[in-house]
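The lines below spell out each chain.
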Amino acid sequence: MVIKTILDTDLYKFTTSYAYIKLFPYAWGTFTFKDRDETEYTEGFLEALKSEIHNLSLVSLRKEELEYMFSHCRFLPRIYWEWLSSFRFDPDKIEVCLDEQHHLHIEVTDYLYKVTLYEVPLLAIVSEIKNQFLNRVPDKESILAKLAGKVELSNEHHMPFSEFGTRRRFSFDVHDIVVAYLKEHARYCTGTSNCYLAMKYDMRPMGTHPHEWFMFHGAQFGYKHANYMALENWVNVYDGDLGTALSDTYTSDSFLSNFSRKQAKLFDGVRCDSGNEFEFIDRLTARYKELGINPQTKTIIFSNALDFEKALHIFDYCKDKINCSFGIGTNLTNDTGYHPSNIVMKLSRCKMNVNQEWRECVKLSDDMGKHMGSNAEVEACLYELRLK
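Predicted, not measured: the structure shown is a model, and the values here were computed from it.

Draft legend 1. Expanded view of the overall build of the chain. Scanning the chain for helices and strands turns up 17 helices and 11 strands. Here the C-alpha atoms of the chain give a radius of gyration of 20 Å, agreeing with the 21 Å that 2.2 N^0.38 yields for 388 residues. Referenced to the eigenvectors of the C-alpha coordinate spread, the extents of the chain come out at roughly 55 × 55 × 45 Å. Per-residue burial over the chain gives 57% buried out of 388 residues.

Written out as C-alpha cells, the structure is:
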C-alpha cells in the first residue's frame, strides 16, 4: 500500500475539511486531476492505480492518531477527529481512466468536507506508481548528500523553512528518509505539512488554507468579493488561528486591492505561491505601510516551486523589510535526479447544495500558463476583476 494511514496527507486538508463542515455542510464539489506534462500512461499503470484506490478504502484514523492530532491541533475540536475516525475513502466516488492519447483522467465528487480529503493521497499515489513503472530507483546516498547541502545552507544563514512535499514526492520511503534527516540536522526547519511524519518524528504539523477555499467562494459569491469573503469566513471558523492568507488565487493584484486593514492586522502574514517573489515583497510591504502596519511585524511564506538557492536570494531581499519563511516541497521529497511529476488536483466545480446547479471553479495565477478552468470562465473572471 502506498497510503497506509489517513494522516499521510497535509494538515490543510483537515483544516479545510472542518471549515466546510462548519460553514458549508451541504456543499458539493468535484476535484479534477491535471498532468501539466501530458504524460502518456500505460494500461498496467492504470490497473496498479485502481488497486491502490481500492486500498485507500482500507485506511482509517487510529485511536493513537486521533489523540495525537487532538493534542497538537488546538484549533480543531475533538468532534472533528471523532468524525474522521469513521470516515472511509470510497473508490466508487473516484472516476479514473485513460483517454485515446493515454492521458490520465481522475475525478472525485462528494460533499466538499469529504472530497477535499482525496486530493493529496491520490497525487502521492500517482507520483509513486509512475516512478515504479518507469523503473526508477532512488539512490539514498545521493539524496542525503544533496539534502545535507541544503540543510547546511539553511543552518548557516539561519533561514527558516518547512517541508511541504507530500503530493509530488518520489515515494513515501524517500519522504520518510528526508523528514528523518531534517529532524536530526536542520536547525531552522519549522515543521512538516505531513501529519503522519509530524507525529512520527515529533515535528510541528504545518498548514493553513488552500486555493480551493477561495475558488469555492469565487464560484458561489463572485470573483470580485472572493478574497475578502474567503478570509472573513476563515476567521469566522478559526478566530485568528492558522493566520496565513493565500494571495494568488485570483492574482495578487486583486488580493492586495481587497486586503482590508482589519485582515492585514489580524492575519500573521501572506503566502506567495506564484509570480515574481521580489516584486511581491515590494508590493506587499507597500500595502502594509499604506494600511499603517509595520511590515516587520508580518511574515511572507514563499512556496512557489522553490529550491534552497533561490530561497536564500529571497531571504536576503526580505531582510529589514519583512519576515519570511519557505515551504519547500518537490525540491526536498523528489530531488532524486529524475524528472518529478508535474501534477495537480483542483476543485473544478461546486454547488451549495444538491438542488443547486453546478458552478465552474477557476483559478488565476501570477504565473502565465497556470490559469485553471475553461477559457470562457477564465475570461469571465478576468473581466469581473477588471484585469482584462
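Draft legend 2. Broad picture of the sheet that holds strand E2 (residues 94-98). Read from one edge of the open sheet, 5 strands run E2-E3-E1-E10-E11, paired in antiparallel fashion. Of all strands in the sheet, those bounded by a partner on one side alone are E2 and strand E11 (359-360). Direction of pairing for strand E1 (residues 28-35) relative to strand E10 (residues 343-351): antiparallel, over a ladder of 8 bridges. Among the inter-strand pairings, Phe33 is bridged to a residue of E10, identified as Met345. Sheet strands touched by helix H6 (residues 119-133): E1, E2, strand E3 (104-111) and E10. Its angle to E10, the strand with the most contacts, is close to 150 degrees. On top of the sheet, helix H10 (residues 211-221) reaches E1, E10 and E11; it is set at about 30 degrees to E10, its chief contact.

Draft legend 3. Structural detail: unusual backbone geometry. In the Ramachandran plot, His158 falls in the positive-phi region, its phi being about 55 degrees despite a non-glycine side chain. Secondary-structure assignment places His158 in the loop between helix H7 (140-157) and strand E4 (161-163). Its identity is not glycine, yet Thr251 carries a phi of approximately 75 degrees, on the positive side. Locating Thr251 in the fold gives a position in the loop between strand E6 (244-246) and helix H12 (252-258). Residue Thr251 is classed as buried on the basis of its relative accessible area, which comes to 9%.

Draft legend 4. Fine view of the sheet that holds E6. Spatially, 6 strands are ordered E5-E4-E9-E8-E7-E6 in an open sheet, and the strand pairing comes out parallel. Where the open sheet ends on each side, the last strands, each with one partner, are strand E5 (189-192) and E6. For this sheet the average axis-to-axis angle between neighbouring strands, irrespective of direction, equals 25 degrees. Of the strand pairs in this sheet, E4 and strand E9 (residues 323-328) are connected by 3 bridges, and their pairing is parallel. If you follow Ser162 over to E9, its bridge partner there is Gly327. Strand contacts of helix H14 (residues 277-290): strand E7 (269-272) and strand E8 (299-302), with the helix running at about 160 degrees to E7, the strand carrying the most contacts.

Draft legend 5. Structural view of the packing of aromatic side chains. Using the criterion set out here, one finds 30 aromatic pairs in the structure. Aromatic side chains Phe259 and Tyr288 sit 6.1 Å apart centroid to centroid with 65 degrees between the ring planes, which places their arrangement in the edge-to-face category. Of this pair, Phe259 sits in the loop between H12 and helix H13 (261-266) while Tyr288 sits in helix H14, placing them 29 residues apart in sequence. In terms of burial, Phe259 and Tyr288 fall into one category: buried. Above the face of the Tyr317 ring, Lys321 is positioned so that its terminal group lies 4.1 Å from the ring centre. Across from the ring centre of Tyr383, 5.4 Å away, lies the NZ or CZ of Arg386, which sits over that ring.

Draft legend 6. Representation of the environment of Asn233 within the structure. You can see Asn233 is positioned in helix H11 (residues 223-238). The buried category is assigned to Asn233, whose relative accessible area is 13%. Look past the residues within four positions of Asn233 in its chain and what remains in contact with it is Leu23, Phe24, Trp213 and His217.

Draft legend 7. Structural context of the pairing of E7. Here E7 shows no split at all, with Gly269 and Arg271 on one side and Val270 and Cys272 on the other all buried. Two elements, E6 and E7, share 3 bridges in a ladder whose sense is parallel. Following the sheet pairing, Ala245 is matched in E7 by Val270. The pairing of E7 with E8 spans 4 bridges and is parallel. Bridge pairing in E8 links Val270 to Ile300. As a crossover connection, the stretch from E7 through H14 into E8 is right-handed.

Draft legend 8. Representation of the packing of H10 against H11 in the model. Contact geometry of H10 with H11 gives a least axis separation of 8 Å together with a crossing angle of 125 degrees. If you check the angle between H10 and H11, you find them oblique. Here H10 runs over H11; the crossing is right-handed. Facing H10, whose interface residues are Trp213, Phe214, His217, Gly218, Ala219 and Phe221, H11 presents Tyr223, His225, Ala226, Asn227, Met229, Ala230, Leu231, Asn233 and Trp234.

Draft legend 9. Representation of empty space enclosed by the protein. Throughout the structure, instances matching the rule amount to 1 cavity of 30 Å³ or more. A volume near 30 Å³ is recorded for the largest cavity. Every residue lining the largest cavity is listed: Trp234, Val235, Gly240, Asp241, Gly243, Leu266 and Phe267. Classifying every residue of the lining of the largest cavity gives 4 nonpolar, 2 polar and 1 charged.

Thresholds applied
- In this numbering scheme, every chain counts its residues from 1 along its sequence in written order.
- Per-residue local features are limited, in this predicted model, to residues with pLDDT of at least 70; the limit for side-chain atom pairs, both in listing and counting, is 80 or more; totals at the level of whole chains, interfaces and linings are taken over all residues.
- Side-chain measures were taken over the full set of non-hydrogen atoms in the model, leaving aside hydrogen atoms and water.
- Numbering of helices and strands starts at the N terminus; helices are DSSP runs of H or I of at least 4 residues and strands are runs of E of at least 2.
- The atom set for the radius of gyration is the C-alpha atoms, and the globule formula is 2.2 Å times the number of residues raised to the power 0.38.
- Three labels apply to residues, based on accessible area from a 1.4 Å probe with only protein chains included: buried if under 20% of the type maximum, exposed if over 50%, partly exposed otherwise in between.
- In this description, strands pair whenever DSSP reports at least two bridges between them.
- Here a residue-residue contact requires only that any non-hydrogen atoms of the pair lie within 4.5 Å.
- Throughout, an axis means a line fitted to C-alpha atoms (over the contacting stretch in the case of helices), and angles, computed between N-to-C directions, take values from 0 to 180 degrees.
- The aromatic pairing rule takes the rings of Phe, Tyr and Trp, using the six-membered ring of Trp, and pairs them if the centres are within 6.5 Å, calling planes under 30 degrees apart stacked, those over 60 edge-to-face and the rest tilted.
- Our definition puts a charge over a ring when NZ of Lys or CZ of Arg is within 6 Å of the ring centre and also within 35 degrees of the ring normal.
- A clockwise path from the first strand over the helix to the second, with the strands pointing away from the viewer, defines a right-handed crossover.
- Working definition: roughly parallel below 35 degrees, roughly antiparallel above 145 degrees, roughly perpendicular at 65 to 115 degrees, and oblique for all remaining angles.
- Left-handed describes a crossing in which the near helix is turned anticlockwise from the far one by less than a right angle; the clockwise case is right-handed.
- Grid points spaced at 1 Å over the protein atoms alone were grouped into cavities, where a 1.4 Å probe fits but cannot get out, and pockets, open sets with protein on both sides within 12 Å along at least five of seven lines, with lining residues defined by an atom within 4 Å of a point.
- Grid points are joined across faces, edges and corners, and a volume is the space filled by probe spheres set on the points.
- Under the scheme applied here, ten amino acids are nonpolar (Ala, Val, Leu, Ile, Met, Phe, Trp, Tyr, Cys and Pro), four are charged (Asp, Glu, Lys and Arg), and all others, including Gly, are polar.

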